[in-house]
Amino acid sequence: MPASIPEKMRAAALDRFGGPEVLGIKTLSVPTCGDDEVLVRVAAAGIGAWDWMEREGQMAEMIPGGPKFPYVPGADGAGEVAAVGKNVKNFKVGDQVYGSAFMSNKGGFYAEYVAVKEDQAAKVPKGLKVEQAAVLAADGLTGLLGLEEHLQLKSGQKLLIFGASGGIGHIALQLAKRLGAKVLAVASGQDGVELARRLGADAVAEGHQEDLEKVCRDFAPDGFDAALVLARGDAAEPLLRNIRKGGRIAFPNGVEPAPKGPEGVETKAYDGIPSPQVMKRLNELIEAGPFHLEIGRLYALEEAAKAQQEVLKHHLGKYAMRIQ
């Protein structure tokens, strides 16, 4: 029997926008489940590198109808379906799901329950733990959309991933290999290099080593077909000169400073917007064989403010928060 849904829940929430001190544990009402929504009993939430911007109110104008306080952040997460709206077709109570509540006016995943639109949720892929799936709706989708939709990556093409040991990067690296690409991974730190190597990159370089441009030329003497830039665009620029004419560069909005590509190369900023089709495709690629989600650290709900600060420092993969 599914557990009954309580009226109240614990959440890491804010009464006003501001620094880390505004984020604290509160008792709030469990959100209502709309006709086109699933109510998720949250097991884990992803910690985004952008979460501090949300906390400071830099994204407030993106919320339909404006922000309401107490405000619960948390763009993505995973858990068990506790209730389904009357128009929901693809989920039932008890399903393990991951999803996006980015800029939802009902609150995000830093809470014991969250209401998610049916078309922004998907079943947890086979082979993944729930805390690993918690990071897929932001970083997994952003990686996949960059590769397939914006770079139009094909089997046999040569791809440069700049920032390959981070949340998006380490997922994109594995997805690119599934798509048949040859990947040069530029990672951060010796630990990042080791992770990229373990995940199957064809060649790996550390982002601060001196001979990076030579590494690029040796790997792709005729130029790369594509580059996915996930870290500082200014640091990536010398390497982007190795993209061939007619090649493509993509980077998620939020990469600062934005990279500038050479002449004759399309450079495109994009957002990782969830849709049922992209989530289905992501699940298919993940389920095609062993897939590794690097959860660099798992925090408790009480550590939400600390997690938002520590995610801005060097780390591997993605940080997540266990909710219950």
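Because the structure is a prediction, the values reported are computed rather than measured.

What about the pairing of strand β14 (residues 295-300)?
Pairing between β14 and strand β15 (residues 318-322): five bridges, direction parallel. By the bridge assignment for β15, Arg 297 is matched with Tyr 319. Running through helix α9 (residues 304-310), the crossover from β14 to the neighbouring parallel element β15 is right-handed.

Details of the side chain of His 315
Mapped onto the secondary structure, His 315 falls in the loop between α9 and β15. A polar side-chain atom of His 315 sits 3.5 Å from the main-chain carbonyl oxygen of Val 311. Polar contacts involving the side chain of His 315 include one to the main-chain carbonyl oxygen of Gly 317, which spans 3.5 Å.

Focus: the sheet that holds strand β13 (residues 266-270)
Taken in spatial order, the six strands line up as β10-β9-β8-β11-β12-β13 in an open sheet, and their pairing is parallel. Lying at the two open borders of the sheet, with one neighbouring strand each, are β10 (203-206) and β13. Taking each pair of neighbouring strands and ignoring which way they run, the sheet shows an average axis angle of 15 degrees. Bridge count for strand β12 (residues 243-252) against β13 is five bridges, and the pairing is parallel. What sits directly across from Arg 248, in β13, is Glu 266. Strands in contact with helix α4 (residues 167-178) are β8 (158-162), β9 (182-187), β11 (224-229) and β12; relative to β9, the strand with the most contacts, it is inclined by about 170 degrees.

Scoring rules and cut-offs
Each chain has its residues counted from 1, running along the sequence as written. Per-residue local features are limited, in this predicted model, to residues with pLDDT of at least 70; the limit for side-chain atom pairs, both in listing and counting, is 80 or more; totals at the level of whole chains, interfaces and linings are taken over all residues. Note that water and hydrogens are dropped before the side-chain values are worked out from all heavy atoms of the structure. Paired strands, in this sense, are two strands between which DSSP finds at least two bridges. For the purposes of this entry, the term helix denotes a DSSP run of H or I that reaches at least four residues, the term strand denotes a run of E that reaches at least two, and both are numbered from the N terminus. The path from the first strand over the helix to the second decides the hand: if it runs clockwise while the strands point away from the viewer, the crossover is right-handed. Think of a polar contact as two N or O atoms within 3.5 Å of one another; within protein, one of them needs to be a possible hydrogen donor and the other a possible acceptor, and neighboring residues in sequence only count if both atoms come from side chains. Helix axes are fitted to C-alpha atoms over the stretch in contact, other axes to C-alpha atoms as well, and angles between N-to-C directions run from 0 to 180 degrees. In what follows, a contact means two residues having at least one pair of non-hydrogen atoms within 4.5 Å.

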